[in-house]
Structure formats: structure tokens, C-alpha cells
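Residue strings, one per chain:
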Amino acid sequence: PDEYDRLLAIVGKFFRRIMDEKMTVVVDDKAQTTDSKAVRVEAAARSDLIFAIWVEMLANGCAEAEITGLLALCPEKREVDLAKALVKEAVKNEKRINDEAQSQAYVPRTQKRPEEGWKHTGGIPPEQVKVGSTVSGYVTNSSLSYGVFVNFGCVKDGKLNVPQADWLKYRVGDFISNMVVNKVQKAAKTGNDFIQLLLGSSGSASQVTSQRPVHVARRTIRWLAAPEALRGARWASLSALLASTAAVESDPMSWQEQVKLLVGEGEVP
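Residues numbered from 1 in each chain as written. Predicted model: local features only at pLDDT ≥ 70, side-chain atom pairs only at ≥ 80, totals over all residues. Heavy atoms only, no water.

**Structural notes on the packing of helix H2 (residues 36–58) against helix H3 (residues 64–72)**
Cut-off, in case you're wondering: Note on definitions: angles span 0 to 180 degrees between N-to-C directions of axes, and those axes are lines fitted to C-alpha atoms, for helices only across the stretch in contact. Helix and strand definitions here come from DSSP, where helices need a minimum of 4 consecutive H or I residues and strands a minimum of 2 consecutive E residues; each element is numbered from the N-terminal end. Here is the rule for angles: anything less than 35 degrees is roughly parallel, anything more than 145 is roughly antiparallel, 65 through 115 is roughly perpendicular, and the remaining ranges are oblique. Whether a crossing is left-handed or right-handed is set by the direction in which the near helix is turned from the far one by less than a right angle, anticlockwise for left-handed and clockwise for right-handed. Contact between two residues is taken to exist if any of their heavy atoms lie within 4.5 Å; hydrogens are not considered. Residue polarity follows a fixed list, in which Ala, Val, Leu, Ile, Met, Phe, Trp, Tyr, Cys and Pro are nonpolar, Asp, Glu, Lys and Arg are charged, and the others, Gly among them, are polar.
One way to put it is that H2 packs onto H3 with a least axis distance of 11 Å and a crossing angle of 165°. By the criterion of interaxial angle, the relationship of H2 to H3 is roughly antiparallel. The way H2 lies across H3 gives a crossing that is left-handed. Facing H2, whose interface residues are Ile50, Trp54, Val55 and Leu58, H3 presents Glu66, Ile67 and Leu70. The class makeup of the residues in the contact of H2 with H3 is six nonpolar, no polar and one charged.

Okay, structure coming up:
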């Protein structure tokens, strides 16, 4: 997620620079007029950039700053069009993610101990693992009794330090990024190595993220509903967008949350 967010931020800055430097019609200071054809060409180019390219990128899921930046550049009187395009694309992507998750629902959380043991050939030895280093890897086992174990490139799996109840969030094969090596120890009695991993500030299982397409759709609806004076005129569109978003949510909002999305925090009775 971090790498993807950084890429989107770079692309977003590039798009804004293009619009600021290459898509600005120069006014003739003497005549105080602009070429109407140039204005139309510029408007069409900006719309294509926003509606056809940027919307498709951000609708896959993005940080709130990126979606806020896109909405701030919305052409005048096209707010509803932009919201519809963004929510439609986000809903399509969320449905795709949900379908893929259902197709992989059979993936087990645990697996039997391999005949050769749990060590991974070609991995680095535990004594070379540095406390404080950042690592990523794949879940090899997850159970209530033993916890969550991850192959992060060492010959020995690391144990992810998460609350006991969270083991259900992880399945064999899940990719976890931005873990921090917290402890490397050798048991005095058995001589076995123990490596403890912590989730970093943005570390998470690949299937769990706060930047899913559905969150882009929610933010867009909140933005479209924000101007109270225009809320009545936009109500039909807002209701339709909220319904299409709710239909694909894996964690549906309560009716109170839906009301807050449409009318704001301070206006909920």
C-alpha cells in the first residue's frame, strides 16, 4: 500500500502540473479576449485527463489526500458527473475484489507440518536477522493455539505479534508488508530460534486495507453531499450512489452512518 500511495501521489502531481502549465489558455492582454476554440479544447483535455484517466486510477483505492485532490479539480457544474463516474468505477472494482475473495474462500488458515520441517531452504540464518529491520512476507500458518507465522526470507518463520483473536484475519498465503523485527532469541533449553515480528504503522494483510475502492466511493458521496444548498437538487443522485455503494460493501454501514454520509456529523438527529 505504501508504494502504491507514493506512486499515485507522484502521478497526481504530474497531472496537476500538466493542467497548470500545459492546459491554461493565455489571455490576449491587448484585446482582453481568449480564443473560444482554445478554451473548448482546453476544457475537453482537462475533462479527459480527470474523467478518463485519473478517475480510473484512484477508483482502485487510494489515500484520502489523493481523492480530495481530484475532487478539488472538478470542472464547474460537473460535480454530479464526476461523482457518478468515480463511484461507478469504485463499485465495479470493489465487486471484483469481493468476487476474488469469495473464489479464494477455500484457502486454509493452517497447513500440516511439511516432512522437511518448517525451515526454508535458501533463507538467511536467524543470526543475520537484525532487530529493528523492516521485512515483508507470506503467512505460513495461523491458528488460535499457536498464533500467526510468516515466512519473511529467513530459514525460520517469524511469529507475528497480534492479539490472539486476530488470527482469523490471516490465511496461508496472505502477504504482509512493513513488519518490524522486534526480537531474535535462542531458547536456552531447546536451542530453537524464536523471531518475533510486529506490524508496522502501515503493515497489514493484503486482503485488509482502509483504502479499498468502497472507501473512495464513500468519500465521493460525502463530497457531493457537502454543499447544503445543493443537497436537495442532488438528492436523487446521492441516493442512487449510496445504494450502489451499499450493495457491494463487505462491512455495511449502519443507517446512522449512511445519514452522516449524506448530511454531515452535526446534522444527525
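**Describing the nonpolar core**
We count it as follows: Think of a nonpolar core as a cluster: buried Ala, Val, Leu, Ile, Met, Phe, Trp, Tyr and Cys residues, connected wherever their side-chain atoms sit within 4.5 Å. For every residue, the accessible area (1.4 Å probe, protein chains only) is compared with the maximum for its type, and the residue is labelled buried under 20%, exposed over 50%, or partly exposed between those bounds.
If you look at the biggest cluster of nonpolar residues, it comprises 35 residues, and the most contacted ones within it are Leu58, Ile67, Leu70, Leu82, Leu86 and Ile221. Looking at this core, the elements that each hand over two or more residues are helix H1 (2–21), H2, H3, helix H4 (79–103), helix H5 (213–225), helix H7 (235–246) and helix H8 (255–263). Each residue touching Leu70, except ones within four places of it in the same chain, is listed here: Ile50, Trp54, Val55, Leu58, Leu82 and Leu86. Counting 16 residues, the second largest nonpolar core, distinct from the first, contains Val148, Val150, Phe152 and Ile176.

**Focus: the sheet that holds strand E3 (residues 158–160)**
Either a parallel or an antiparallel arrangement is found when strands of a sheet pair, and the pairing is made through backbone hydrogen bonds. Convention followed: Only strands joined by at least two bridges in the DSSP assignment are considered to pair.
The five strands lie next to each other as E1-E2-E3-E5-E4, forming a closed barrel whose pairing is mixed. Direction aside, the axes of adjacent strands within the sheet are offset by 50° on average. Sheet analysis places strand E1 (residues 134–143) next to strand E2 (residues 147–151), joined by five bridges and oriented antiparallel. Across the sheet, residue Ser142 finds its bridge partner in E2, namely Val148.

**Focus on the pattern of salt bridges**
Note the threshold: By salt bridge we mean one thing: a side-chain nitrogen of Lys or Arg within 4 Å of a carboxyl oxygen of Asp or Glu.
Evaluated as defined, the whole model comprises seven salt bridges. Residue Glu79 pairs with Arg234 through a salt bridge whose shortest N-O separation is 3.9 Å. One end of the pair, Glu79, is in helix H4; the other, Arg234, is in the loop between helix H6 (228–231) and H7, and 155 residues separate them in sequence. Relative accessible area serves as the criterion here: at 9%, Arg234 is assigned to the buried category.

**Some details on the side chain of Asn93**
Tracing the backbone through its elements, the reader meets Asn93 in helix H4. Judged by relative accessible area, Asn93 falls into the buried class, the value being 6%.

**Quick word on the packing of H5 against H7**
It is at 10 Å that the axes of H5 and H7 come closest, and there the two elements cross at 165°. One element, H5, and the other, H7, form an angle in the roughly antiparallel class. Regarding H5 and H7, the two cross each other, and that crossing is left-handed. Contacts between H5 and H7 involve Val214, Ala217, Arg218, Ile221, Leu224 and Ala225 on the former and, on the latter, Leu238, Leu241, Leu242 and Thr245. Among the residues making up the contact of H5 with H7, the classes are represented as eight nonpolar, one polar and one charged.

**Topic: the packing of aromatic side chains**
Stated precisely, the cut-off is as follows: Pairing of aromatic side chains here covers Phe, Tyr and the six-membered ring of Trp, requires ring centres within 6.5 Å, and sorts the geometry by plane angle: under 30 degrees stacked, over 60 edge-to-face, intermediate tilted. Placement of a charge over a ring requires the Lys NZ or Arg CZ to be within 6 Å of the ring centre, with the centre-to-atom vector within 35 degrees of the ring normal.
Enumeration over the complete set of coordinates arrives at three aromatic pairs. Each ring, one from Phe14 and one from Phe15, has its centre 6.3 Å from the other, and the planes form 40°; the classification is tilted. Its relative accessible area of 8% is what places Phe15 among the buried residues. Taken together, a centroid distance of 5.0 Å and an interplanar angle of 55° make the contact between Tyr138 and Phe175 tilted. With Tyr138 in strand E1 and Phe175 in strand E4 (residues 175–186), this pair connects stretches of sequence that are 37 residues apart. Taken together, Phe14, Phe15 and Trp54 form an aromatic cluster joined through their ring pairs. Of note, Arg78 hangs over the ring of Phe51, and the distance from its end group to the ring centre comes to 4.1 Å.

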